[in-house]
Amino acid sequence: MLNMIKMDIYRMFKAKSLYVIWCILICLLFLSTWLTKNEYLDAVKNQEEYRNETTENGGDTETDMDFGMQTVVPTELGEDITVFDMVFANIGGKNIALFLVIFAVIYATADIGSGYIKNFGGQVKRREGLIISKASALLVFTGLTLMITFLTQAVSNYIFLGYLKWGDSGGMFRYMAVELLLHFALAMIIMTIAILARNNVFSMIFAICLCMNMMVVVYSGIQVLAKKIGFGNLNLTKYTLMDKIGSLSMNFSSGAMERMIGLSLVYISIMTVISMYIYRKRDIC
């Protein structure tokens, strides 16, 4: 098992797509910081106008269906933008999740599409170990991606803002630890779908639509149908990972943390069992 995990992690670091995705992510974080700085400075200069627009439009905004991806910095006008503010904005905006699911699709099906899995698949006594090794590699990728996000954000804050303020350091690392688990659970879902479908195009489209909140349409349809048959209080969105990734606050309670961790572990366990079953039944050799 340990050798399989080492092999998959080694294969992951040999993949060119890994470094392409990280480079694009770093560029996006720099661009996001630069745009945020310009928008923030404009808002500060026109603070009165900004407040008037907020007052006029604040009561007419509906956010039941929020499609797309938004990077919203939770900084009050006049305050300094911290690293935690920007990390929170990019993670909550699902920018990191988008790169994560793209790599999960590419990595999960790379050995199947190339036929490389036939070189060692038949020699493995328990094929379930192949899923554990893939999952371990994705966990390493998720952790490194969040670390790169944090470091890049600190550098970009210093370059574009001219100062470096961390914010609530303890809260930031607590937040990122929970988001690590949520993002890993998301990667497991996408890996399972990619293995099941064996089609990179479909898996990639589904993963991107998931990050773009397009599945809200499906959830709403199911809720309408459930209401007609007598389940009026059904709300699927509160059980989805994308909702939790986007709605997790900077200062969440211990109860919220327990719910997030519990939901993540449920998804990870279910996806692991399904992936193992697919590998056990499917002819991969």
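Before reading further, recall that the structure is shown in the block above.
Residues numbered from 1 in each chain as written. Predicted model: local features only at pLDDT ≥ 70, side-chain atom pairs only at ≥ 80, totals over all residues. Heavy atoms only, no water.

Novice: Talk me through the side chain of serine 156; I want residue IDs and the actual numbers.
Specialist: Looking at where serine 156 falls in the secondary structure, it is placed in helix 6 (residues 128-161). For serine 156, a relative accessible area of 0% puts it in the buried group. The contacts of serine 156, once residues within four sequence positions are left out, are Leu29, Phe30, Thr33 and Leu161. (Helix = DSSP H or I, 4+ residues; strand = E, 2+ residues; numbered from the N terminus. Buried < 20%, exposed > 50% of the residue type's maximum accessible area, 1.4 Å probe, protein only. Contact = heavy atoms within 4.5 Å.)

Novice: A description of the nonpolar core should follow, citing residues and the corresponding values.
Specialist: By size, the foremost hydrophobic cluster in this structure holds 69 residues, and its most contacted members are Phe103, Leu138, Phe141, Tyr175, Leu186 and Ile190. For this core, the leading source of residues is helix 7 (residues 169-197), giving 16 residues. Beyond its immediate sequence surroundings of up to four residues, leucine 138 is in contact with Phe103, Ala104, Tyr107, Phe184, Ala187 and Met191. (Core = buried A, V, L, I, M, F, W, Y, C linked by side-chain atoms within 4.5 Å.)

Novice: Tell me about the packing of aromatic side chains, and please be specific about residues and values.
Specialist: By the definition in use, this model includes ten aromatic pairs. Between phenylalanine 150 and phenylalanine 173, the ring centres sit 5.5 Å apart and the planes meet at 55°, which makes this aromatic pair tilted. Residue phenylalanine 150 is located in helix 6, and its partner phenylalanine 173 is located in helix 7; the two are separated by 23 residues in the primary sequence. On the basis of relative accessible area, phenylalanine 150 is assigned to the buried category, the value being 13%. Aromatic ring contacts, followed pair by pair, group Tyr19, Trp22, Phe103, Tyr107 and Phe141 into a single cluster. Note that lysine 134 overlies the ring of tyrosine 107, its terminal NZ or CZ placed 5.6 Å from the centroid. (Phe/Tyr/Trp six-rings, centres within 6.5 Å; stacked < 30°, edge-to-face > 60°. Lys NZ or Arg CZ within 6 Å of the ring centre and 35° of its normal.)

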